[in-house]
Amino acid sequence: MERTLVIVKPDAFEKGATGKIIDRFISEGFQIRALKLLRLTREQAEGFYAVHRERPFFGELVEFMTSGPVVAMVLEGQEAVKRVREIIGPTDSEEARRVAPDSLRALFGTDKGRNAVHASDSVESASYEIPFIFSQLEIV
Ligand code: UDP
Ligand code: MG
C-alpha cells in the first residue's frame, strides 16, 4: 500500500485547522501510520525542501515553515500520493478557491506561499520525505 507525507503547515496549525484536516483524510479512507507535532529548525526546513534551494521563494518558504509548530503525518492508502494531492488542491490557495473550492488549500490557505498543507508530490518524494521526518520506530 502506498504511503505519503502530509504536513499541516504553521498557518493552518495556528488557526486551529489541524483537527479538520486530519478528519478529512480519515473520512477519505486513509490510514494514519505516523503522527507528530514538531517545530522545524532552519536546517531541517532547508533539508526538507532541498529540491527548491535555487528557487526565488526558497528563503521565504524556509522562514514560513519554521515560523511555528507543524503537524506531520504519514498516510497510507491506494494511490495515496496522487489522491492526497487532489484533496489538498493546487499550490496557490487563491487558485484553489477558483478551481477546487472543496480542497484543503482552498478552505484553509491564504495564497501561494501560505497554503496550509504540504503533501509529497510523487512516490519518489515520499520516500525522501517520510524518513526525513519520522524514524522507523515512529511508523506503525
Ligand atoms: N511556494 C512559495 N511561492 C511560490 C511557490 C511555492 O512560497 O511561488 C511555497 C509553497 O508553500 C509551496 C512550497 O513552496 O507549497 C513548495 O512549492 P511546490 O512548487 O513544490 O508546491 P507544492 O508541491 O507544495 O504544491
Ligand atoms: Mg512540491
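Per chain, the residues get numbers from 1 upward, laid out in the order the sequence is written. Starting at A for chains and at 1 for ligands, labels are handed out in the order in which the entities are written. Given that the model is predicted, a residue must reach a pLDDT of at least 70 before its local features are reported, and side-chain atom pairs must reach 80 or more before they are shown or counted; all residues, however, enter totals for whole chains, interfaces and linings. Hydrogen atoms and water are omitted, and side-chain values are computed over all heavy atoms in the structure.

In this structure, Leu5, Ile7, Met65, Ile133 and Phe134 are the most contacted members of the largest nonpolar core, which totals 21 residues. Here a strand is any run of E in DSSP of at least two residues, a helix any run of H or I of at least four, and the numbering for each starts at the N terminus. When contributions to this core are tallied by element, the ones reaching two or more residues are strand 1 (2-8), strand 2 (31-38), helix 3 (42-48), helix 4 (58-65), strand 3 (70-77) and helix 8 (123-133). With 5 residues, helix 4 is the single largest residue contributor to this core. The contact rule is simple, with two residues in contact once any of their heavy atoms fall within 4.5 Å. Those residues in contact with leucine 5 that sit more than four places away from it in its chain are Phe48, Met73, Val74, His118, Ala119, Ser120, Glu129, Ile130, Ile133 and Phe134. Core analysis: the second largest hydrophobic core is formed by 20 residues, Val8, Ala17, Ile22 and Ala116 among them. In these notes, a set of buried Ala, Val, Leu, Ile, Met, Phe, Trp, Tyr and Cys residues joined through side-chain atoms within 4.5 Å is what counts as a nonpolar core. For every residue, the accessible area (1.4 Å probe, protein chains only) is compared with the maximum for its type, and the residue is labelled buried under 20%, exposed over 50%, or partly exposed between those bounds.

With respect to spatial proximity, the complete set of residues near ligand 1 consists of Lys9, His52, Phe57, Leu61, Arg85, Thr91, Arg105, Lys112, Gly113 and Asn115. Arginine 85 is positioned with one of its side-chain polar atoms (N or O) 2.9 Å from an oxygen atom of ligand 1. Arginine 105 places a polar side-chain atom, nitrogen or oxygen, 2.9 Å from an oxygen atom of ligand 1. Here ligand 1 has 500 Å² of accessible area as a free molecule, and 85% of this is covered by the chains. In a pocket analysis with a 2 Å cut-off to the grid points, ligand 1 is assigned to the largest pocket. Grouping the amino acids of the shell around ligand 1 by side-chain chemistry returns 2 nonpolar, 4 polar and 4 charged. Being near a molecule or strand, for a residue, comes down to having at least one heavy atom within 4 Å of it. Under the rule applied, a polar contact is a pair of N or O atoms within 3.5 Å (in protein, one hydrogen donor and one hydrogen acceptor; residues adjacent in sequence only if both atoms are side-chain atoms). Only the protein chains shown count as cover for residues, and the accessible areas themselves come from Shrake-Rupley with a 1.4 Å probe. Every definition here rests on a 1 Å grid over the protein atoms only: cavities are sets of points where a 1.4 Å probe fits but cannot get out, pockets are open sets enclosed by protein on both sides within 12 Å along at least five of seven lines, and lining residues have some atom within 4 Å of a point. In this description, a molecule resides in a pocket or cavity if more than half of its atoms sit within 2 Å of the grid points defining it. Residues were grouped as follows: Ala, Val, Leu, Ile, Met, Phe, Trp, Tyr, Cys and Pro as nonpolar; Asp, Glu, Lys and Arg as charged; and all remaining residues, including Gly, as polar.

Here the focus is the environment of alanine 106. With respect to the helices and strands, alanine 106 occurs in helix 7 (residues 104-108). Counting along the chain gives 10 residues from alanine 106 to alanine 96, while the straight-line C-alpha distance between them is 4.8 Å. Beyond its immediate chain neighbours, meaning those up to four positions away, alanine 106 contacts Ser93, Ala96, Arg97, Ala100 and Pro101.

Just to be clear on terms, a salt bridge is a Lys or Arg side-chain nitrogen sitting within 4 Å of an Asp or Glu carboxyl oxygen. This structure, assessed with the given rule, holds 8 salt bridges. Between arginine 42 and glutamate 46 there is a salt bridge whose closest N-O contact spans 3.6 Å. Taken together, the residues arginine 42 and glutamate 46, both in helix 3 and 4 residues apart, mark about one turn of the helix. Of the residues examined, glutamate 46 reaches a relative accessible area of 26% and is grouped as partly exposed. Several salt bridges share partner residues, and in doing so they unite Arg3, Arg33 and Glu76 into one network.

Moving on to the layout of surface pockets. Size it by volume and the largest pocket reaches roughly 740 Å³. Together, 26 residues line the largest pocket, and Tyr49, His52, Phe57, Leu61 and Thr91 are the ones closest to its centre. In terms of residues, the lining of the largest pocket owes the most to one element, helix 8, which gives 4 residues. Within the lining of the largest pocket, the residues separate by chemical class into 8 nonpolar, 7 polar and 11 charged. Grid points are joined across faces, edges and corners, and a volume is the space filled by probe spheres set on the points.

Of the positions making up helix 5 (residues 80-88), those classed as buried are Ala80, Val81, Val84, Ile87 and Ile88. For helix 5, the arc enclosing every buried residue in end-on projection is 130°, short of the 170-degree limit, so these residues lie on one face. For helix 5, the elements touching its buried residues are strand 1, helix 2 (18-27), strand 3, helix 7, strand 4 (117-119) and helix 8. Within two residues after helix 5, glycine 89 carries a phi angle of roughly 90°, on the positive side. Throughout, the arc means that of the directions going from the helix axis to the C-beta atoms.

For Phe, Tyr and Trp, rings pair up if their centres lie within 6.5 Å, where Trp contributes its six-membered ring, and each pair is then called stacked (planes under 30 degrees apart), edge-to-face (over 60) or tilted (otherwise). Enumeration over the complete set of coordinates arrives at 4 aromatic pairs. Ring geometry for phenylalanine 48 versus phenylalanine 132: centroids 5.9 Å apart, planes at 65°, classification edge-to-face. Placement of phenylalanine 48 in helix 3 and of phenylalanine 132 in helix 8 is noted, with a sequence separation of 84 residues between them. For phenylalanine 48, a relative accessible area of 3% puts it in the buried group. Residue classification places phenylalanine 132 among the partly exposed residues on the basis of a relative accessible area of 31%. Grouped by ring-pair contacts, the aromatic residues Phe48, Tyr49, Tyr128 and Phe132 constitute a single cluster.

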